[in-house]
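So the chains spell out like this:
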Amino acid sequence: MSVTQEKEQQFAQAADIIARVKDEIQSFIVGQEEVVEHVLWSIFSGGHVLLEGLPGLGKTMLIKTIAEVLDLKFSRIQFTPDIMPSDITGTMLLQPDEAGRQTFSFHKGPIFANIILADEINRATPKTQSALLEAMGEKTVTIMGETKKMEKPFFVLATQNPIDMEGTYPLPEAQTDRFLCKVNVVYPTKEELKEIARRTTGSQKIHLNKAAGLKDVIALQELSREILLSDEILDYAVWMVTATHPDSEGAPETVKKHVQYGSGPRGLQSLISMAKARAMCSGRFHVSIGDIKNVAYPVLRHRLILNFEGEAAGISADSIIEVLLKETSWGAKS
């Protein structure tokens with residue numbers, strides 16, 4: 001078998017796994033197709049996701065469902081103002097050994113899992129929020145000077161509530177930038193609400209099947225990195241990121257007027273990684289302009305910081321990104 005045939009077989013197997021995963025998730029989760037896709041692309045990219053939406057829209061249930069369908073070890077952390085960093089990472093306990101001597105042994109915290117649900121992350125204090133930083137960025141935690149490696153694969157899927165902000169601690173930009181993307185969970189349609197009522201208030205129970213496994217997820221991550229990226233597509237991605245900076249020569253007028261800080265290099269890395277995952281899930285061997293445009297909203301919306309004029313005018317990050325996507329003269333400005 002040639003190398004090309006082997007790759008084609010790998011992509012065919014990947015497409016089959018991804019299709020089974022999506023079908024199994026949709027058998028339990030009503031609607032939210034775009035949210036499911038964005039979360040799966042992020043997982044296959046090896047990144048972390050910030051989910052934002054009103055209470056009761058199924059954010060927690062979605063994450064639990066994905067973990068069950070992918071057959072990954074799942075752990076849920078409910079963030080509250082009094083939760084401590086050691087409640088997340090774990091701690092050293094003094095315990096007697098077989099000889100009766102007192103020795104320290106490490107008791108793992110809930111962060112030692114494959115998929116971590118950080119529920120209402122903005123309700124924890126900055127000290128506790130920062131306990132996630134090392135784990136998310138370096139895939140390690142340090143306890144009493146000893147470094148512990150996280151399990152592979154490792155994803156943090158955090159949720160936050162956009163209303164009832166009293167007594168909360170907004171995530172600092174340094175921490176939100178560690179999330180590959182920010183996904184807005186929208187309210188379901190009337191038909192979706194009817195289907196939710198039928199599925200959750202009747203006597204029939206839906207049993208989820210394992211559509212993939214840990215090795216499959218790791219293999220999909222590695223395959224995603226092999227997706228081809230042309231120089232032209234890379235130039236477009238670089239232009240889009242640099243155009244979010246108000247002092248950039250190619251920045252649109254609305255960026256110069258309403259944006260204080262734009263996306264950094266991590267935004268470009270996230271844009272390309274997620275675009276590659278989308279291409280893979282679409283059964284293609286290469287990234288297209290459409291892939292970059294499709295993932296621009298979730299990747300960039302939490303990386304744009306508006307100035308006072310932008311906030312006062314009611315401008316949103318999504319409206320800024322929309323202007324960038326409509327720009328046609330990027331090639332001449334890059």
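Residues numbered from 1 in each chain as written. Predicted model: local features only at pLDDT ≥ 70, side-chain atom pairs only at ≥ 80, totals over all residues. Heavy atoms only, no water.

The name recorded for the protein chain in an unreviewed UniProt entry is AAA family ATPase, from Cytobacillus oceanisediminis.

Q: Looking at this model, I keep getting lost on the overall build of the protein chain. Mind explaining?
A: Within the protein chain, the regular secondary structure consists of 16 helices and 11 strands. For the protein chain, whose C-alpha radius of gyration is 21 Å, the value lies close to the compact-globule estimate of 20 Å for 334 residues. Along the first, second and third principal axes, the C-alpha atoms of the protein chain reach 75 × 55 × 45 Å. Here the analysis covers contacts within the protein chain between residues at least 6 apart in sequence; of these, 75% occur between residues at least 24 apart. (Helix = DSSP H or I, 4+ residues; strand = E, 2+ residues; numbered from the N terminus. Rg over C-alpha atoms; globule rule 2.2 N^0.38 Å. Contact = heavy atoms within 4.5 Å.)

Q: Any chance you could explain a nonpolar patch on the surface here in plain terms?
A: Residues Leu54, Ile163, Tyr187, Leu193 and Ile196 make up a contiguous nonpolar surface patch of about 440 Å² in total accessible area. With respect to the helices and strands, Tyr187 occurs in the loop between strand 9 (181–184) and helix 8 (190–201). (Patch = residues over 30% accessible without salt bridge, like charges linked within 9 Å, V, L, I, M, F, W, Y side chains within 5 Å. Areas by Shrake-Rupley, 256 points an atom, 1.4 Å probe, with all protein chains shown as cover. Salt bridge = Lys/Arg side-chain N within 4 Å of Asp/Glu carboxyl O.)

Q: Could you clarify how one ought to interpret the sheet that holds strand 8 (residues 155–160) in this entry?
A: The strands that make up a sheet are held in pairs by hydrogen bonds between backbone atoms, and each pair lies either parallel or antiparallel. On the basis of which strands lie adjacent, the open sheet formed by 5 strands has the order 2-5-8-1-9 and parallel pairing. At either margin of the open sheet sits one strand with a lone partner, and together these are strand 2 (74–78) and strand 9. Strand-to-strand, the axes of this sheet are offset by a mean angle of 20°, without reference to chain direction. As paired strands, strand 2 and strand 5 (residues 115–119) are joined by 5 bridges and run parallel to one another. Directly across from Ile77, in strand 5, lies its bridge partner Ala118. Lying over the sheet, helix 3 (residues 59–69) contacts strand 1 (49–52), strand 2, strand 5 and strand 8, oriented at roughly 175° with respect to strand 5. (Pairing = 2+ DSSP bridges. Axes fitted to C-alpha atoms, helices over the stretch in contact; angles between N-to-C directions.)

Q: Would you take a moment to explain the confidence of the model for the protein chain for this structure?
A: Atomic detail in the predicted coordinates should be set aside for any region of low pLDDT. Summing up the model confidence of the protein chain, the mean pLDDT is 84 and the portion of residues at 70 or higher is 96%. Per-element confidence in the protein chain ranges from a low mean pLDDT of 51 for helix 16 (residues 330–333) to a high of 93 for helix 13 (residues 289–300). (pLDDT = per-residue confidence, 0-100.)

Q: What exactly am I supposed to notice about the layout of surface pockets here?
A: Think of a ball as big as a water molecule: rolled over the atoms, this probe shows where empty space is left. One number sums up the size of the largest pocket: a volume of about 840 Å³. In terms of lining, the largest pocket is formed by 31 residues, of which the most central are Ser45, Gly46, Gly47, Lys139 and Arg225. Elements with a minimum of two residues in the lining of the largest pocket: helix 2 (33–45), helix 6 (131–138), helix 9 (214–225) and helix 12 (265–281). Split into classes, the residues belonging to the lining of the largest pocket amount to 10 nonpolar, 10 polar and 11 charged. A volume near 570 Å³ is recorded for the second largest pocket. For the second largest pocket, the lining is made up of 22 residues, of which Gln160, Lys182, Arg301, His302 and Leu304 are closest to its centre. (1 Å grid on protein atoms, 1.4 Å probe; cavity = no way out; pocket = protein on both sides within 12 Å on 5 of 7 lines; lining within 4 Å. Points joined across faces, edges and corners; volume = space filled by probe spheres on them. Nonpolar A, V, L, I, M, F, W, Y, C, P; charged D, E, K, R; others polar.)

Q: Whenever I open this one, the packing of helix 2 against helix 12 confuses me. Can you help?
A: A pair of packed helices is characterised by two quantities: the angle between their axes and the separation of those axes. In the contact formed by helix 2 and helix 12, the axes pass within 8 Å of each other and the chain directions differ by 110°. Taken together, the axis directions place helix 2 and helix 12 in an arrangement best described as roughly perpendicular. Together, His38, Trp41, Ser42, Phe44 and Ser45 of helix 2 and Ser273, Met274, Ala277, Arg278, Met280 and Cys281 of helix 12 make up the contact between the two elements. Residue composition of the contact of helix 2 with helix 12, grouped by class: 6 nonpolar, 4 polar and 1 charged. (Parallel < 35°, antiparallel > 145°, perpendicular 65-115°, else oblique.)

Q: Help me understand the side chain of Ser263, please; the structure alone is not making it clear to me.
A: You can see Ser263 is positioned in the loop between strand 10 (259–261) and helix 12. For Ser263, a relative accessible area of 2% translates into the label buried. Other than its neighbours up to four places away in sequence, Ser263 contacts Val241, Thr244, His245, Leu268, Leu300, Arg303 and Leu304. (Buried < 20%, exposed > 50% of the residue type's maximum accessible area, 1.4 Å probe, protein only.)

Q: I tried to follow unusual backbone geometry on my own but got confused; where do I start?
A: Note: most residues except glycine have negative phi, and most peptide bonds are trans. Cis geometry is found at the peptide bond from Lys152 to Pro153, where omega equals -10°. For Gln32, which is not glycine, the phi torsion reads 55° and is therefore positive. Within the secondary structure layout, Gln32 lies in the loop between helix 1 (3–26) and helix 2. For Asp71, which is not glycine, the phi dihedral falls at a positive 55°. With respect to the helices, strands and loops of the structure, Asp71 is situated in the loop between helix 3 and strand 2.

Q: Can you help me understand the state of the cysteines in this one?
A: Disulfide: a covalent bond connecting the sulfur atoms of a pair of cysteines. Taken as a whole and assessed by the stated rule, the structure comprises 0 disulfides. Here Cys181 is not disulfide-linked; the sulfur of Cys281 is the nearest cysteine sulfur, at 13 Å. (Disulfide = S-S within 2.5 Å.)

Q: What is the right way to look at the pairing of strand 7 (residues 146–149) in this model?
A: Two faces, one strand: in a regular strand the side chains alternate between the faces of the sheet. Of the strand pairs in this sheet, strand 6 (residues 140–143) and strand 7 are connected by 4 bridges, and their pairing is antiparallel. Its bridge partner lying in strand 7, Val141 is registered against Lys148. Between the antiparallel neighbours strand 6 and strand 7 lie 2 residues, among them Met144 with a positive phi of about 50°.

Q: Sorry, what's going on with the environment of Ile272 here?
A: You can see Ile272 is positioned in helix 12. On the basis of relative accessible area, Ile272 is assigned to the buried category, the value being 14%. In sequence terms Ile272 and Glu120 are 152 residues apart; their C-alpha atoms lie 28 Å from each other. In this view, Ile272 contacts Leu229, Leu234 and Ala237; residues no more than four positions away in its chain are not counted.

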